[in-house]
Amino acid sequence: MKQLLLLSLLALTVFADYEYDGDVMVLTEETFDQAFNEFDYLMFEFYAPWCGHCKELAPKYAEAATALRSEGIVLAKIDATVQKKLAEKYGVKGYPTIKFSVKQAVKDFEGGRNADGIKNWIYSNLNPESELLQTLEQVNEAITQNNVQFIYFAEEQSEKDRELRKYKEFSFTMKQHFAHTTTKSIREAMNIPKGTYFVGFRNQQPYYYQGKLSFPIMRTFVENVASERIQEYSDKKQLLDERITKNKPFVVVFSDESEVQAAAQSWSFQDELLFIKNVDEEFTRKIQVRSQDQKGVFIIKGDQKYNRVQGQSVSEFLEAFQSGKAHKYLKSQAAPQQQGLIKILIGDTYDDAKSVNDSIILYFDSQNQEHNAVEEQFQKVAERLQQNKQLNFNKIDLSQNEVSDLAESIEIVKIRLYKNNQPTKFVIRANKIQEERFVKWIIDNAASQVVDPKAEL
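Definitions and limits used
- Residues numbered from 1 in each chain as written.
- Predicted model: local features only at pLDDT ≥ 70, side-chain atom pairs only at ≥ 80, totals over all residues.
- Heavy atoms only, no water.
- Helix = DSSP H or I, 4+ residues; strand = E, 2+ residues; numbered from the N terminus.
- Buried < 20%, exposed > 50% of the residue type's maximum accessible area, 1.4 Å probe, protein only.
- Contact = heavy atoms within 4.5 Å.
- Areas by Shrake-Rupley, 256 points an atom, 1.4 Å probe, with all protein chains shown as cover.
- Lys, Arg positive; Asp, Glu negative; His and termini not counted.
- Charge placed at Lys NZ, Arg CZ, Asp CG, Glu CD.
- Phe/Tyr/Trp six-rings, centres within 6.5 Å; stacked < 30°, edge-to-face > 60°.
- Axes fitted to C-alpha atoms, helices over the stretch in contact; angles between N-to-C directions.
- Parallel < 35°, antiparallel > 145°, perpendicular 65-115°, else oblique.
- Left-handed = near helix turned anticlockwise from the far one by under 90°.
- Nonpolar A, V, L, I, M, F, W, Y, C, P; charged D, E, K, R; others polar.
- Pairing = 2+ DSSP bridges.
- Patch = residues over 30% accessible without salt bridge, like charges linked within 9 Å, V, L, I, M, F, W, Y side chains within 5 Å.
- Salt bridge = Lys/Arg side-chain N within 4 Å of Asp/Glu carboxyl O.
- Core = buried A, V, L, I, M, F, W, Y, C linked by side-chain atoms within 4.5 Å.
- Right-handed = clockwise from strand over helix to strand, strands pointing away.

Peer 1: What am I meant to see in the overall build of the protein chain here?
Peer 2: Along its length, the protein chain carries 17 helices and 21 strands. By principal-axis analysis of the C-alpha atoms, the protein chain measures approximately 110 × 60 × 35 Å. Residues counted as buried form 46% of the 457 residues belonging to the protein chain. Considering only contacts within the protein chain whose residues lie at least 6 apart along the sequence, 69% involve residues at least 24 apart. When the accessible surface of the protein chain is split by element, carbon and sulfur atoms take 46% of a total near 24100 Å². Charge centroids of the protein chain, computed over 58 positive and 66 negative side chains, lie 4 Å from each other.

Structure, rendered in structure tokens:
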């Protein structure tokens, strides 16, 4: 805090250049850049005059501004309804939106919305600058002493490294322990892979950051290394809704938690997956995982679901997903209680049915009246050819089930005949079956000989 007090003396000499409401600085598009570049510690709130939450926050924000002004920390406010370009620049979607700049590195405010909450959050985010480690012993000591430790390993022995400067600026905005070394021999002694800028150590296990030094990507990497691999659903509800909307994947853990924990710790694509446990019934219904299947591990990506198959380890499942080979989990309704001449298929029995020769399958939507009329026509043909016991007539309601090999729209009813597990498609016209044409198609395409009783009359 002594450094902040010294900074405050400098800050006080320029306060007169800005408009104030009490101790809260009032910024506009004309004054923002000057303040942003001038003050190392600047919190700025985007508000709307009509916003009830903003009005409730205002006296608490002002109280925090008064307490922090003497320490060289400036709290400012911006009327987002007037300063629209600034609001757009910082992605303001609702009010109030609060940002905090530490030496021009900006992060979102995530603290309590009262004076103490604001002060405590700011103090917790004034991270000391990355520490220089000069020997291998110092590096090993830092890794051993801190449960989570991040270290930049320079490839050249220079404190003027551009990437190192960026790493230092980034480290100042984070809560975790950051250090760096410019001694190339240390990098070599620790066998740091080529292309790695910095390494996160959690319980002394290394995670390597490779690629572009982008603050958002770095922040995701750091938070993933620093946090428990499997998060509580109650803490991530909003984030999960966003991931579903944005078609980004996450892992739902119903069981095998210890195995998932071990696999997730060593997972090299941590920034792409969020591991969640203890989901509630409402969310389970939302992702459409049947109660009997709520065991093991699922990956959800948008409206697609993947589950671990029997005999597959969690690590193998994650790798299969990454390579696009994970087993797709399909929606399936409850098994029917009775079966008639036409067998009712569900998602769970579909693959078995289509593997049978001369299996004829009607794909329809039970919510569509035209489809239901076609189903009646399909029934008539099944009755007409029922003496051909080798023919298997089936139907599956695609409003209740998903199948593995049908990606087309179901606006028009579809019919397939399977032979050697390969489909032959019957062309439906205007959601109607022309009975004679359909019967002839079955006779022409079936693997076995089909007898039409009507033709024998």
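Still more to cover.
Peer 1: Quick question: what am I supposed to make of the packing of aromatic side chains here?
Peer 2: Any aromatic ring pair is given by two values, namely how distant the centres are and how the planes are angled relative to each other. Counted under the stated rule, the structure contains 32 aromatic pairs. When the centroid spacing of 5.2 Å and the interplanar angle of 55° are considered together, the rings of Phe-426 and Trp-441 count as tilted. Taken as a pair, Phe-426 in strand S21 (residues 422-426) and Trp-441 in helix H16 (residues 435-445) lie far apart in primary sequence, 15 residues in all. The same class applies to Phe-426 and to Trp-441, which are both buried. Put simply, the rings of Phe-150, Tyr-152, Tyr-167, Phe-170, Phe-178, Phe-198, Tyr-209, Phe-215 and Phe-221 pair up and form one aromatic cluster.

Peer 1: Can you walk me through the packing of helix H7 (residues 162-171) against helix H9 (residues 215-226) in this structure?
Peer 2: Interaxial distance between H7 and H9 falls to 11 Å at its minimum, and their mutual angle equals 60°. The orientation of H7 with respect to H9, classified from their angle, is oblique. For the element pair H7 and H9, the recorded crossing hand is right-handed. Residues Lys-166, Tyr-167, Glu-169 and Phe-170 of H7 form the contact with H9, whose participating residues are Phe-215, Met-218, Arg-219 and Val-222. Residue classes in the contact of H7 with H9 are distributed as five nonpolar, no polar and three charged.

Peer 1: Can you help me understand the sheet that holds strand S11 (residues 205-210) in this one?
Peer 2: Sheets are built from strands paired through backbone hydrogen bonds, the pairs being either parallel or antiparallel. Read across the sheet, five strands follow the order S7-S9-S8-S10-S11 without closing on themselves; strand pairing throughout is mixed. Whereas interior strands pair on both sides, the edge strands pair on one side only; in this sheet they are strand S7 (131-132) and S11. The pairing of strand S10 (residues 196-202) with S11 spans six bridges and is antiparallel. Opposite Phe-198, over in S11, you have Tyr-209 as the bridge partner. Strands strand S8 (148-153) and S10 of the sheet are contacted by helix H6 (residues 136-145), whose axis makes an angle of about 155° with S8. The strands touched by H7 within the sheet are S8, strand S9 (177-181) and S10, with S9 carrying the most contacts at an inclination of about 165°.

Peer 1: Any chance you could explain the environment of Leu-240 here in plain terms?
Peer 2: Looking at the secondary structure, you find Leu-240 in helix H10 (residues 237-245). Overall, the relative accessible area of 0% leaves Leu-240 in the buried class. Separated by 108 residues in the primary sequence, Leu-240 and Asp-348 place their C-alpha atoms 27 Å from one another.

Peer 1: Please explain a positive patch on the surface as it appears in this structure.
Peer 2: Residues Arg-162, Arg-165, Lys-166 and Lys-212 make up a contiguous surface patch of positive charge. Classification of Arg-165 as partly exposed rests on a relative accessible area of 43%.

Peer 1: Quick question: what am I supposed to make of the nonpolar core here?
Peer 2: Side chains of a nonpolar character, in soluble globular proteins, are inclined to be buried together. By size, the foremost hydrophobic cluster in this structure holds 23 residues, and its most contacted members are Ile-360, Phe-378, Phe-393, Ile-415, Phe-438 and Ile-442. Mapped onto this core, the elements with two or more residues apiece are strand S18 (359-364), helix H15 (369-384), strand S20 (414-419) and H16. When sequence neighbours within four positions are dropped, the list of residues in contact with Phe-378 reads Ile-342, Ile-360, Leu-362, Phe-393, Asn-394, Ile-415, Ile-433 and Phe-438. Ala-65, Phe-100, Phe-109 and Leu-126 belong to the second-largest nonpolar core, a separate cluster that totals 20 residues.

Peer 1: Help me understand the pattern of salt bridges, please; the structure alone is not making it clear to me.
Peer 2: Any two side chains of opposite charge can pair, given that their charged atoms come close. One pass over the full model with this rule turns up 16 salt bridges. Taking the shortest distance from any N to any O, the salt bridge between Arg-69 and Asp-23 comes out at 2.8 Å. Of this pair, Arg-69 sits in helix H3 (residues 52-69) while Asp-23 sits in the loop between strand S1 (19-21) and strand S2 (24-26), and the two are 46 residues apart along the sequence. Of the charged contacts, one joins Glu-436 and Lys-454 as a salt bridge, the two residues approaching to 3.4 Å between their closest N and O atoms. Taken together, the residues span a long stretch of sequence, with Glu-436 in helix H16 and Lys-454 in helix H17 (residues 453-456) at a distance of 18 residues. Residue classification places Lys-454 among the partly exposed residues on the basis of a relative accessible area of 46%. When salt bridges with common partners are traced through the structure, they connect Lys-380, Arg-384, Glu-435, Glu-436, Asp-452 and Lys-454 into a single cluster.

Peer 1: I would appreciate a short explanation of the sheet that holds strand S13 (residues 250-253) in the present structure.
Peer 2: Strand order in the open sheet formed by five strands is S12-S14-S13-S15-S16, and the pairing between neighbours is mixed. Each of the sheet's edge strands pairs with one partner strand only, and the pair in question is strand S12 (230-232) and strand S16 (304-307). Each neighbouring strand pair of the sheet contributes to a mean axis angle of 30°, computed without reference to strand direction. Running at roughly 20° to strand S15 (residues 297-301), helix H13 (residues 314-322) makes contact with S13, strand S14 (275-277), S15 and S16 of the sheet.

Peer 1: Just checking my understanding: could you explain the pairing of S18 for this structure?
Peer 2: For S18, the tally of buried residues reaches six of six residues, placing the bulk of the element in the interior. Burial along S18 is two-sided: Ser-359, Ile-361 and Tyr-363 facing one way and Ile-360, Leu-362 and Phe-364 facing the other are all buried. Bridging between S18 and strand S19 (residues 392-397) involves six bridges; their strand directions are parallel. If you follow Ser-359 over to S19, its bridge partner there is Asn-392. Taking the sense of rotation as the criterion, the β-α-β connection linking S18, H15 and S19 turns out right-handed. The pairing of S18 with S20 spans five bridges and is antiparallel. Paired with Tyr-363 across the two strands is Lys-414, which belongs to S20.

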